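# Summary of the model geometry
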Amino acid sequence: MKITITKPNPNDEARMTNGQSSAANSSFVIRHSSFRRRGGFTLIELLLVMVILGILAAIVVPKFANRGEQARQTAAKTQIGAFSTALSAFEVDNGYYPRGKDGLMALMKPPSDAPSWKGAYLEEKGGIPTDPWGRPYLYECPGKHNTSGYDISSAGFDGREGNEDDVTNWQQGK
Ligand SMILES: [Ca+2]
């Protein structure tokens, strides 16, 4: 930080017409323009930045937290759609949908009563995929909701069947 002290000359005094006559009356004038530029942030500016960061944290964090759950719901819907495509392919080859509660296994390994089986119908190498919350998808054929087809669902975040966060292949609330 460099502070230069110079004696005023008549020209300087002539320029100081904006209410700085007290400085002009003193013997020396401190030129501190370089001090102003290198001084960094003032306390007010720092406080303002902290307030803005506080507002951003309050707004942004809950939104992203919610997005994660929305993304898992979407992933479960997409996976159920993929199961449905594979189950339709199974039905085309064999004339029926895989039966019972373990029916999804028939997409990977041929059941005993499927001589025209042309699977595997899923590319998953780790077996039948679990839902985004780490639990198995629930399958039943014939279904309780889709009586002429099959029910497939995820119990959602809470892991309990039959409430509103479930992801299903039937219309919920009916
Ligand atoms: Ca649930």
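Fair warning: this is a prediction, and the values are worked out from it, not measured in the lab.

## Brief notes about the overall build of the protein
Assigned secondary structure in the protein consists of four helices and five strands. Summarising the internal contacts of the protein: among those between residues at least 6 apart in sequence, 39% fall at separations of at least 24.

## A few points about the confidence of the model for the protein
Looking at the protein, the pLDDT average stands at 83 and 74% of residues meet or exceed 70. Of all secondary-structure elements in the protein, the lowest mean pLDDT belongs to helix α2 (residues 21-25), at 47, while strand β4 (residues 151-154) reaches the highest, 98. A low-confidence stretch, residues 12-27 stays under pLDDT 50, and its non-local contacts, those more than four residues away or across chains, total seven contacts.

## A look at unusual backbone geometry
Look at the link from Gly119 to Ala120: it is a cis peptide, with omega at 5°. For Ala120, the position within the fold is in the loop between α4 (43-94) and β3 (138-140). With omega at 0°, the peptide bond leading from Cys141 into Pro142 counts as cis. Within the secondary structure, Pro142 is located in the loop between β3 and β4.

## Re the environment of Ala75
Tracing the sequence through the fold places Ala75 in helix α4. Of the residues examined, Ala75 has 14 C-beta atoms within 10 Å and is grouped as partly exposed.

## Regarding the nonpolar core
Core analysis: the largest hydrophobic core is formed by eleven residues, namely Phe83, Ala86, Leu87, Phe90, Leu104, Ala106, Leu107, Tyr121, Tyr139, Tyr150 and Ile152. In contact with Tyr121, other than residues within four places in its own chain, are Ala86, Ala89, Phe90 and Leu107.

## Observations concerning the sheet that holds β4
The strand order β3-β4-β5 describes an open sheet built from three strands, whose pairing is antiparallel. Unpaired on one side and paired on the other, β3 and β5 (167-168) mark the two borders of the sheet. Bridge count for β3 against β4 is three bridges, and the pairing is antiparallel. Counted as the bridge partner of Glu140 is Asp151 from β4.

Basis of the calculations
Residues numbered from 1 in each chain as written. Predicted model: local features only at pLDDT ≥ 70, side-chain atom pairs only at ≥ 80, totals over all residues. Helix = DSSP H or I, 4+ residues; strand = E, 2+ residues; numbered from the N terminus. Contact = placed C-beta atoms within 7 Å. pLDDT = per-residue confidence, 0-100. Buried ≥ 20, exposed ≤ 12 C-beta atoms within 10 Å, placed from the backbone. Core = buried A, V, L, I, M, F, W, Y, C linked by C-beta atoms within 7 Å. Pairing = 2+ DSSP bridges.

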